[in-house]
Each structure stands twice: as structure tokens, then as C-alpha cells.
Amino acid sequence: MFSWLKLPEPPQATWNDVSTYYLENLKCFTYSVLDREEIPVVYLNVPSTPVNGVDFPSLVYLSQYFVQTHKANIKMPSGNIDLPIIEDNNDGTVSIKYDPREEGLHELAVKYNGEHVQGSPFKFHVDSISSGYVTAYGPGLTHGVTGEPTNFTISTKGAGAGGLSMAVEGPSKAEISCHDNKDGTVSVSYLPTAPGEYKISVRFGEKHIKGSPFNAKITGEGRKRNQISVGSCSEVSLPGKISDADIRSLNASIQAPSGLEEPCFLKRLPTGNIGISFTPREIGEHVVSVKKLGKHITNSPFKITVCEREVGDAKKVTVSGNTLKEGKTHVDNTFTVDTRNAGFGGLSLSIEGPSKAEIQCADKDDGTLNISYKPTEPGYYIVNLKFADHHVEGSPFTVKVSGEGTNRQREKIQRQREAVPITEVGSQCKLTFKMTGITSFDLSAHVTSPGGVIEDAVVKEIQDGLYAVNFVPKELGVHTVSVKYKDIHIPGSPFQFTVGPLKDQGSHLVKAGGSGLERGEQGELNEFNVWTREAGTGQLAISVEGPSKAEINFTDRKDGSCDVSYKVSEPGEYRIGMKFNDRHIPDSPFKVYISPAVGDAHLLEVFQFPEGAVQADKPSQFMVRKNGAKGELDAKIIGPSGHEEDCFIQLIDIDEYSVRFMPRENGIHKIHAKFNGVHIPCSPFSVRVGKDTADPAAVHAAGAGLQNIKTGAKTDFIIDTVNAGAGTLAVTIDGPSKVSMDCTEVDDGYKVRYTPLAPGDYYVSIKYNNNHIVGSPFKVTSTGDSNMVDVGTQETSSVVVETVAKVGQALDKGPKLPQFKSDATKVTSKGMGLKKAYLGKQNQFTVAANDAGSNILFVGVHGPKGPCEEVFIKHSGRNQYNVNYLVRDRGDYIVIVKWGDDHIPGSPFKVEV
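Within each chain, residues carry numbers counting from 1 in the order of the written sequence. Local features are withheld for residues below a pLDDT of 70 in this predicted model, meaning they are given only at 70 or higher, and side-chain atom pairs are given and counted only at 80 or more; totals for whole chains, interfaces and linings count all residues. Neither water nor hydrogens contribute to the side-chain values; these are computed over all heavy atoms in the structure.

**Some details on the overall build of the protein**
Convention followed: What counts as a helix is a DSSP run of H or I of at least four residues, what counts as a strand is a run of E of at least two, and both are numbered from the N terminus. Residues count as neighbours in contact if any of their non-hydrogen atoms are within 4.5 Å of one another. In these tables, accessible area is a Shrake-Rupley quantity obtained with a 1.4 Å probe, and a residue counts as shielded only by the protein chains included in the view.
A tally of regular secondary structure across the protein gives 2 helices and 82 strands. Within the protein, counting contacts between residues at least 6 apart in sequence, those at least 24 apart form 66% of the total. Per element, the accessible surface of the protein, about 45,200 Å² overall, is 49% carbon and sulfur.

Here it is as C-alpha cells:
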């Protein structure tokens with residue numbers, strides 16, 4: 001241990017000053033059974049001093065900290081706590097040994113740094129060796145990972161004769177394999193293909209053994225997924241003439257004989273007629289309704305008869321190829337799908353496994369397809385192949401992939417996130433974020449209340465690079481906080497901020513954003529923010545996977561947000577996964593390219609970058625000065641739709657270059673400027689294109705389709721884009737089944753209609769110019785008894801619309817007033833100015849509307865010769881006002897005080913002058 005040094009008090013060192021030295025030279029972090037607390041006192045710039053035979057240089061001491069170590073305990077059936085033995089294997093792992101003293105169900109809790117490791121607490125059953133009972137033990141009875149064999153052992157020693165049977169029930173089918181060890185034990189392995197709770201039943205002589213059925217928690221950690229869909233729909237021509245202009249305003253739906261009603265698409269057929277496109281699911285007479293503004297058009301509804309050969313039948317799809325049993329890494333593994341005899345239906349393929357396998361599909365236009373997948377890591381892959389939303393014969397397929405991997409490294413941290421205190425009306429609210437390398441002068445923020453009132457908010461830098469948005473809410477509900485840097489939303493903005501109790505909780509309400517999720521640099525700290533305030537209490541897990549192992553740092557800001565940084569030693573492509581309570585947050589995993597060490601790139605300087613908005617289809621430029629750096633400069637521009645184009649770079653002076661670019665669409669573009677393959681400072685740069693840049697903070701969604709819905713029933717919701725400009729609207733619905741979905745234009749925006757085909761939770765993501773609107777993704781629960789399709793892994797349906805600028809009807813005559821929610825009867829007023837006034841003096845009274853909701857205060861003073869000379873209204877905060885008025889004539893006056901359109905109690909007031 002350290003000695004206490006009796007020295008003057010120089011500056012204290014930081015953890016970064018000494019951590020490496022301390023770890024490498026003094027202590028190992030692994031101890032047995034209990035945490036040890038260590039409190040060495042350490043100083044900075046102390047002369048080299050031998051302590052216990054070790055010569056300590058400067059910068060080695062750290063002032064008071066604790067070493068957290070491994071910790072484990074076992075809860076016995078009696079409820080007592082016992083301690084196992086923990087042994088360090090000196091290879092990054094520890095062994096836990098325990099000699100049980102009681103029979104029955106035990107719980108093993110394993111913690112590291114005070115937090116449960118993955119899968120903890122583990123449950124296991126202890127039985128007497130001489131009991132003659134059949135027993136089972138092993139990790140597969142408590143936990144596992146999808147796509148990896150999960151094992152346990154059954155012991156039948158001394159149990160006598162009897163039949164042994166096993167079953168595994170859960171979210172997916174799990175193939176079971178058994179091996180008799182010829183020593184009275186049987187090794188059992190099963191392969192779960194989807195995450196969730198699995199029930200493992202083990203019977204001997206038709207009776208459950210002790211502890212059966214066992215519950216195993218299977219996580220999806222580490223699984224990568226890729227999917228494609230190939231459409232195949234029946235097309236039917238409609239009678240009558242419909243113009244191209246009408247198609248935009250028409251809604252079409254088809255009702256099957258069973259009553260199932262789905263949206264269907266209107267399209268111009270090669271014959272020139274208008275037809276509908278739909279997937280036949282039932283035999284018999286279908287009814288097609290085509291409506292304009294909710295009313296049937298001429299000849300609607302139409303009747304269509306579907307025969308047996310047109311209905312998609314997954315059982316009639318044939319699949320051939322050995323690659324659905326075994327595959328190789330880094331090569332195209334091809335198999336053939338024949339749908340010629342299967343009717344009409346869409347073909348969808350998803351592959352889950354240790355890597356995101358690249359999928360390619362070659363449609364031969366004769367009903368057959370060649371499909372190939374290219375995995376990069378060995379292991380077990382799950383291939384789901386569906387036709388008309390039903391699994392084909394043999395699906396899901398379990399494929400064993402062998403070959404060389406890419407030696408990807410993975411690091412993960414877990415942190416418990418606690419719920420923050422409920423925010424009340426009138427209290428000081430704060431939303432924090434970290435952005436380094438900027439100035440606060442370029443930041444702006446405003447808050448939109450649930451009633452639609454927009455107010456500016458104050459942005460302050462509370463420490464280096466850490467900023468806070470401060471505002472005082474005046475009503476309960478979900479507020480929209482927009483934070484912009486140079487008039488462009490920062491990553492994560494617009495934010496949802498609930499005043500009062502949270503209406504919903506869960507991973508879909510977690511947000512993450514920052515430069516570290518867009519790009520990174522080898523050997524440097526790459527930072528990003530995570531906001532969990534709206535998601536409530538839960539476990540946040542962050543993983544970084546790539547060519548080298550990451551060092552992950554986590555700082556809790558204690559306000560429902562945190563900042564995370566990571567450092568990697570090798571360049572290349574990395575994936576950053578974030579889960580909240582074992583479920584991915586929106587847009588996770590994030591794909592990040594880590595560039596090589598900067599080298600001379602930091603010397604480059606950008607100037608004359610265009611301020612404000614630039615025009616589409618017109619060239620713009622900025623200048624780059626090399627400042628003596630040696631190497632090649634290149635740049636590309638990426639539009640909101642993902643379209644990439646190279647920039648034109650020209651040498652115009654010694655060491656100075658012109659970078660010209662021509663954006664092709666409106667919206668926020670990113671310009672990636674690199675020097676020798678490394679981003680130059682502040683790259684990628686954001687540039688606004690077009691005057692009416694789409695504003696996701698102004699987009700709102702509401703309707704029955706975002707609340708609880710019913711399986712098999714058509715539902716819809718409205719996306720209000722009034723005053724949001726023109727942009728790209730993307731709607732994605734993830735859930736247990738694909739949904740039939742379409743999007744049509746309405747007066748206030750766009751109507752999305754869809755039909756869920758299986759019960760369960762659906763997540764509706766609504767993005768405007770690649771930014772989630774507030775509330776997105778929305779969690780929607782579908783109820784119903786029957787599945788109309790096969791349910792397996794998560795399915796995705798999406799639609800993308802290029803919107804036109806919408807203007808509210810009130811804007812034809814002027815600005816649109818917000819929707820106020822207020823009660824004038826709760827406004828109070830007092831002061832001499834409501835009873836008596838004096839000539840030539842300031843007559844005063846106060847108005848308090850802090851309990852009356854949100855609205856506008858109107859005050860008018862009228863005398864015997866018309867209006868009074870002047871009226872001043874000053875807002876003193878929290879809807880409290882000071883009113884002063886000046887009169888020049890004697891007589892009786894009327895003072896009118898209104899809160900919005902309604903008089904407050906006592907108004908109009910009679911005043912003598």
C-alpha cells in the first residue's frame with residue numbers, strides 16, 4: 001500500500017494522469033468474493049520519491065478513489081445468502097466455484113463494477129446425488145444468445161428405467177440435438193433463432209423432472225440482420241376513366257370475403273387504364289372501394305373475383321441449393337427459389353447471424369430467382385424465407401457458415417438509468433448536450449408547447465463544450481425542444497420533453513446523436529450524447545465492434561442524459577449498438593467509419609464557406625487552404641435522399657483550392673472533405689439547400705393508427721406538414737408482420753393507411769428530411785386472436801413521399817394562431833387602477849393568469865372622448881402581468897381585460913377619473 005506523504009498541497013492529479021501507470025505497475029483489478037476499497041493519496045509534480053522500493057516519478061499519484069472488483073453471491077432456497085469462490089484465470093475471465101449446502105432452486109448474482117453482468121442473476125436447481133431423481137444443469141436452462149447452440153446436461157444416474165423427453169417452446173422454433181454420454185448423462189443442445197423467453201420442458205416417465213419447465217432468457221446480442229423484399233402483386237383494371245391528376249387524391253382499398261380490408265395501390269396500367277395492385281390472400285369475391293375525399297367515385301365499389309391459382313401459397317414454393325444448410329464466408333452462397341406454381345405474392349428474405357450478410361437477388365422474370373448471401377463471420381445464421389407473408393417449406397433455415405472471419409473486436413458497457421424527477425409547470429427545465437469545437441453564438445433554441453405556443457429558450461455553456469437549454473413550461477404535456485447550430489438542427493433535435501408524468505416509456509424514446517456516431521478518428525476520443533429522460537428507468541447497453549477493441553467512457557449528467565466517448569486503435573468500419581432494456585434504440589446499430597490518424601489534415605483551413613441557404617441545381621463553392629500540408633484533397637456531397645456526388649476541386653493559388661459543388665435537391669446536405677482519406681477539421685459540413693428548408697419540429701402526427709389498433713382492421717393517421725416546408729417524408733413500420741400501407745395527400749399533410757396482419761407491438765417511425773419528428777417512433781399495440789401471416793423475426797414496411805409545402809387556411813389572411821388551451825375564469829386581477837384613476841399619472845393594476853393555461857392578454861381603456869392616451873403591459877413571468885395606463889380627460893372610463901377571447905372575472909371594469 002502507499003504511504004501517506006506529509007507534503008505541501010500541490011495541484012492534484014487526474015485519473016488520466018496516472019491510470020496507466022497504476023494498472024500496469026501496481027494493482028490488478030480482480031479480487032475474490034468482496035470488493036476491496038483502496039484510498040491512496042496522490043499528488044501532482046511531486047519530486048521522484050522511493051516508496052516501498054518503487055521509484056515513483058512525477059504524475060503518478062491519484063487523490064482518493066475506489067477500486068471496484070468482481071463480486072458474486074448466491075441466494076439459497078432458504079433465502080439465506082452464501083458466497084462462492086471467485087478465481088482469476090488471468091486471461092480476462094474468472095471462474096466461480098460453489099459447493100451447495102441446500103436442495104432446491106438457487107440464484108447466482110454476478111456483478112462487475114457494482115452492476116450485474118449479462119444474464120445475471122442465473123438460476124440453477126440443486127438435488128441430492130443419491131435422490132434417484134433425474135436432474136438437469138447447465139447454462140442453457142437459464143440464458144443464451146440467438147443463433148448460437150445453447151447447452152445443458154441431464155443426469156439420469158440411479159433413476160431407474162423410464163422414457164426421457166424434451167421440448168423447447170419460445171418465440172421461434174429451436175432445433176434440439178441430444179448425445180448419450182454412456183455414463184448416465186445426456187448432453188442436450190438447442191438452437192434458438194429469435195430473442196425472448198424460452199420454456200424448456202424435461203420429462204422422465206411422462207412426469208416433469210425437478211425444476212421443469214425451466215425458463216431461459218435468450219438475448220439477440222451481437223446478431224446482425226439483413227433483408228430484401230421482391231414484390232409480386234395481382235393487377236386489375238378498373239372501369240371508367242380516371243385522370244392522372246385524380247390519382248393523387250384517391251384512396252383505394254380492397255375487402256376480402258373474410259372481411260379483411262387492406263389499402264391497395266392505384267397505378268396506370270400499360271393499356272392506359274387505371275388499375276389496382278394488390279396481393280390476393282383469399283379465394284372468392286372481393287370488393288374494391290375507390291374514394292375521393294371520403295366519397296366513392298363513379299362505379300365504386302367494384303367487385304373482383306379471385307380464383308384459387310391466384311392466391312399466394314407458400315407451400316407451393318420450391319427452394320433448391322445446399323447453401324441453406326452450409327455456407328462459406330467471403331463468397332456468394334447461392335440458392336434458387338421457384339414461385340411459378342405459387343400464385344401471386346411478395347417474396348421476402350431476412351438473414352440473421354454474427355455478421356450482416358450482403359444479399360443479392362437475380363429475378364429471371366419467369367417466376368424463378370437466384371438469391372445469394374455473403375457473410376463475413378463464421379457461425380450459425382438464421383434464414384427466414386417467406387412468400388405472401390408465410391414461411392416456405394423448411395423456413396426458417398439454420399445455416400452453419402464456416403471459413404475465416406474478419407477478426408472483429410467487441411467491447412460493451414452497461415449502465416443503469418434511473419427515472420428523473422417529474423417536471424412541474426412553472427419549474428426550471430433543462431436539456432443538456434455536448435458539442436465541442438463550436439461557439440455558443442451560433443446556437444439557438446426554441447420550445448413549442450402542447451398548445452402550439454412557440455417561445456425562444458436560453459442556451460448557456462455550463463462548462464467547456466457542454467451546453468444547456470433552459471426554459472419554464474406553462475402547461476403540462478409533451479413539449480418540442482428545437483436546438484439549432486447555424487440554423488440547422490443538431491443531431492437528436494427536435495427533442496421530446498414531457499412536463500408532468502411520462503405517458504409512455506421504453507427504448508423507442510431514447511435518442512442518441514453526435515459527431516462520434518457519424519465519423520471518428522483513430523487514437524482520438526470520439527464523442528456522442530444519449531438522452532434517456534423520456535424512456536424512464538432501464539438498463540442502457542452500449543457496444544462498439546470493429547477491427548480493434550474500443551475503450552468506452554461514460555459520463556452521467558444526472559438529468560436523464562449522458563455523454564459517451566470511445567477510442568479505438570485501428571481505422572476501419574465500426575458498428576455502435578445501443579440497447580435499452582435489451583431492445584435497440586431507434587437507428588441502432590450506427591455504422592461509423594474511423595479514419596486513420598489525422599496526420600497533416602489538421603493543418604487544412606476552410607474559408608468563404610457559403611452562409612445561409614444555397615440554391616439547388618446551381619454551383620456553389622468554398623475555399624480550402626493547405627497551409628503546407630502534403631497530400632491529396634477530395635470531397636463529395638451527400639443529399640437528404642442519400643444521393644452522392646463528387647465535388648470539383650481546382651488549384652487557384654499556391655496551397656489554395658476551390659471546392660465547387662452542385663446540390664440536386666432541397667434540404668440539408670453533408671459535404672465530406674478529406675485529406676489523404678482523413679476528414680479535415682469540422683468535416684462533414686452541413687449546408688442548407690433551398691429557401692424553404694423542411695423543419696421536422698413543425699411536423700405532427702395523430703390519429704387512430706397511432707393508438708391501440710386491431711389485427712386485420714384498416715387504420716390510418718394524419719401527418720400534419722403545415723408550415724413545415726417541402727421535404728422527404730419517410731414512414732417505416734416495424735412489427736411482427738409486414739403491413740399493407742399507402743400514403744395519400746390531404747389538405748393538412750398526408751394520410752397513411754395500413755393494416756396489421758398479426759397481433760403484437762408495432763413501431764411507427766416518421767422522419768422528415770432524415771430527422772425523427774417528436775414522438776417518433778410511436779409504439780402501437782395490435783390486438784386480435786388470429787395471425788393472418790406467419791410471425792417470426794421483425795418485419796419492416798416503408799413508404800417515402802416527396803412532400804409539397806403546405807400552408808394552413810388561416811395563413812391566407814395572415815399568421816396562423818396556435819391552438820390555445822385556457823380558462824379565463826381562473827384569471828385574477830387587483831390594483832387601484834381598476835377602481836380609480838388620476839389625470840397625468842401612471843395608473844396601475846396587476847393580472848395573474850398563472851393557473852389559467854396559455855393564451856394572450858388583451859387590455860383596452862376607453863373614456864368619454866375615446867381611447868386613453870397609452871397602455872403598457874409588462875410580463876413579469878409565469879403569466880403574471882403589470883398594466884399601466886395614462887389618461888388626460890376627466891370622466892368615466894371602461895377598462896376591458898380579456899384572456900384570449902374571454903373577459904376575465906369583473907371585466908369590463910368601471911373607473912372614475
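That shown, we press on.
**Digging into the sheet that holds strand S56 (residues 620-625)**
Worth spelling out the cut-off: What makes two strands pair is DSSP finding at least two bridges between them. Lines fitted to C-alpha atoms define the axes here, with helix axes fitted over just the stretch in contact, and angles between the N-to-C directions of these axes take values from 0 to 180 degrees.
Strand order in this open sheet of 4 strands is S54-S56-S60-S59, and the pairing throughout is antiparallel. Looking at strand neighbours, the two that pair on one side only are strand S54 (605-607) and strand S59 (648-653), the edges of this open sheet. Neighbour to neighbour, the strand axes of the sheet diverge by 30 degrees on average, direction disregarded. Two strands pair when backbone bridges link them, and S59 and strand S60 (residues 656-661) are joined in this way by 5 bridges, in the antiparallel orientation.

**Focus on the nonpolar core**
Here is the rule we go by: Nonpolar cores were defined as sets of buried Ala, Val, Leu, Ile, Met, Phe, Trp, Tyr and Cys residues, with membership established by side-chain atoms within 4.5 Å. Each residue gets one of three labels from its accessible area relative to the maximum for its type: buried under 20%, exposed over 50%, partly exposed in between, using a 1.4 Å probe on protein chains only.
Core analysis: the largest hydrophobic core is formed by 32 residues, its most contacted members being Phe717, Ile719, Val731, Met741, Tyr754, Val764 and Ile766. Looking at this core, the elements with two or more residues in it are strand S66 (715-720), strand S67 (728-735), strand S68 (740-746), strand S69 (749-755), strand S70 (760-768), strand S72 (778-783) and strand S73 (795-802). Considering every element that reaches this core, the biggest residue donor is S70, with 4 residues. Formed by 26 residues, the second largest nonpolar core is a distinct cluster that contains Ala550, Cys562, Val568 and Val592.

**Re the environment of Ser155**
On the secondary structure map, Ser155 appears in strand S12 (residues 150-155). Among residues more than four places away in sequence, those in contact with Ser155 are Tyr133, Val134, Thr135, Tyr137, Gly184 and Thr185.

**Topic: the sheet that holds strand S74 (residues 828-830)**
Sheet architecture is open: 4 strands sit in the order S74-S75-S79-S78, paired in antiparallel fashion. Sheet topology places S74 and strand S78 (870-877) at the edges, where each strand pairs with a single neighbour. Mean inter-strand twist for the sheet, computed between neighbouring axes without regard to direction, equals 20 degrees. With 6 bridges joining them, strand S75 (residues 843-848) and strand S79 (residues 880-886) adopt antiparallel strand pairing. Counted as the bridge partner of Phe845 is Val883 from S79.

**Some details on empty space enclosed by the protein**
The following threshold applies: Here a cavity denotes a set of grid points, spaced 1 Å apart and computed over the protein atoms alone, in which a 1.4 Å probe fits but from which it cannot get out, and a pocket denotes an open set meeting protein on both sides within 12 Å along at least five of seven lines; residues with an atom within 4 Å of a point are reported as lining. Grid points are joined across faces, edges and corners, and a volume is the space filled by probe spheres set on the points.
In the structure shown here, the tally under the stated rule is 1 cavity of 30 Å³ or more. Considering only enclosed or pocket space, the largest cavity measures out at about 60 Å³ in volume. In terms of lining, the largest cavity is formed by 11 residues, of which the most central are Gln227, Ser348, Leu349, Ser350 and Glu795. Counting only elements with at least two residues in the lining of the largest cavity, the list comes to strand S19 (224-230), strand S31 (347-353) and strand S34 (379-387).

**A closer look at the side chain of Arg533**
To be explicit about the condition: The term polar contact refers here to a pair of N or O atoms within 3.5 Å; inside protein, the definition further demands a hydrogen-donor-capable atom paired with an acceptor-capable atom, and it admits residues adjacent in sequence only when both atoms are side-chain atoms.
Note on placement: Arg533 falls in the loop between strand S47 (526-531) and strand S48 (538-546). Judged by its relative accessible area of 12%, Arg533 falls in the buried class. Among the polar contacts listed, one links the side chain of Arg533 to the side chain of Thr423, at a separation of 2.6 Å. Within polar-contact distance, the side chain of Arg533 engages the side chain of Glu534 at 2.6 Å. Those residues in contact with Arg533 that sit more than four places away from it in its chain are Val420, Thr423, Phe497, Thr498, Leu502, Asp559 and Gly560.

**Some thoughts on unusual backbone geometry**
At the junction of Ser395 and Pro396, the peptide bond is cis and its omega measures out at 0 degrees in the coordinates. Position of Pro396 among the secondary structure elements: in the loop between strand S35 (390-391) and strand S36 (397-402). The peptide bond linking Ser776 to Pro777 adopts the cis configuration, its omega dihedral lying at 0 degrees. Mapping Pro777 onto the fold places it in the loop between strand S71 (771-772) and S72. One non-glycine residue, Lys182, lies in positive phi territory at about 60 degrees. Mapping Lys182 onto the fold places it in the loop between strand S14 (175-180) and strand S15 (185-191). Lys182 gets classed as exposed once you look at its relative accessible area, which sits at 73%. The phi dihedral of Asp389 is positive, around 70 degrees, even though this residue is not glycine. With respect to the secondary-structure elements, Asp389 resides in the loop between S34 and S35.

**Topic: the pattern of salt bridges**
The condition is simple: Any Lys or Arg side-chain nitrogen found within 4 Å of a carboxyl oxygen on Asp or Glu counts as a salt bridge.
Enumeration according to the criterion identifies 27 salt bridges in this entry. A salt bridge links Glu262 to Arg281; the nearest nitrogen and oxygen atoms lie 2.8 Å apart. Taken as a pair, Glu262 in strand S22 (residues 261-263) and Arg281 in the loop between strand S24 (274-278) and strand S25 (284-292) lie far apart in primary sequence, 19 residues in all. Close ionic contact of Lys865 with Asp889 constitutes a salt bridge, the shortest N to O distance being 4.0 Å. Of the two residues, Lys865 is situated in the loop between strand S76 (857-863) and strand S77 (866-867) and Asp889 in the loop between S79 and strand S80 (892-899); the sequence distance between them amounts to 24 residues. Take Lys865: its relative accessible area is 70%, and that puts it in the exposed class. The exposure class assigned to Asp889 is partly exposed, which follows from its relative accessible area of 28%. Here the salt bridges share partners, and the residues they tie into one network are Glu262, Arg281 and Asp389.

**Side note on the packing of aromatic side chains**
Aromatic rings considered in pairs are described by the distance between their centres and by the relative angle of their planes. Condition: Ring pairs are drawn from Phe, Tyr and Trp, using the six-membered ring of Trp, whenever the two centres fall within 6.5 Å, and their geometry is named by plane angle: stacked under 30 degrees, edge-to-face over 60, tilted for the rest. Working rule: Lys NZ or Arg CZ, within 6 Å of ring centre, within 35 degrees of ring normal, means a charge sits over the ring.
Within this structure, the stated rule accounts for 12 aromatic pairs. Considering the side-chain rings of Phe433 and Tyr467, the 5.7 Å spacing of their centres and the 20 degrees angle between planes classify their relative orientation as stacked. Residue Phe433 is located in strand S38 (residues 429-434), and its partner Tyr467 is located in strand S41 (residues 466-471); the two are separated by 34 residues in the primary sequence. Taking the relative accessible area as the measure of exposure, Tyr467 reaches 1% and is therefore buried. Look at Phe471 and Phe497: their rings are 5.2 Å apart centre to centre, the planes differ by 75 degrees, and that puts the pair in the edge-to-face class. Taken as a pair, Phe471 in strand S41 and Phe497 in strand S44 (residues 495-499) lie far apart in primary sequence, 26 residues in all. Under the relative-accessibility criterion, Phe471 is labelled buried at 7%. Using a relative accessible area of 3% as the deciding quantity, one classes Phe497 as buried. Each residue in the set Phe609, Phe622, Phe661 and Phe685 is aromatic and connected to the rest through ring pairs, giving one cluster. Over the ring of Phe607 we find Arg625; its NZ or CZ atom is 4.2 Å from the centre of that ring.

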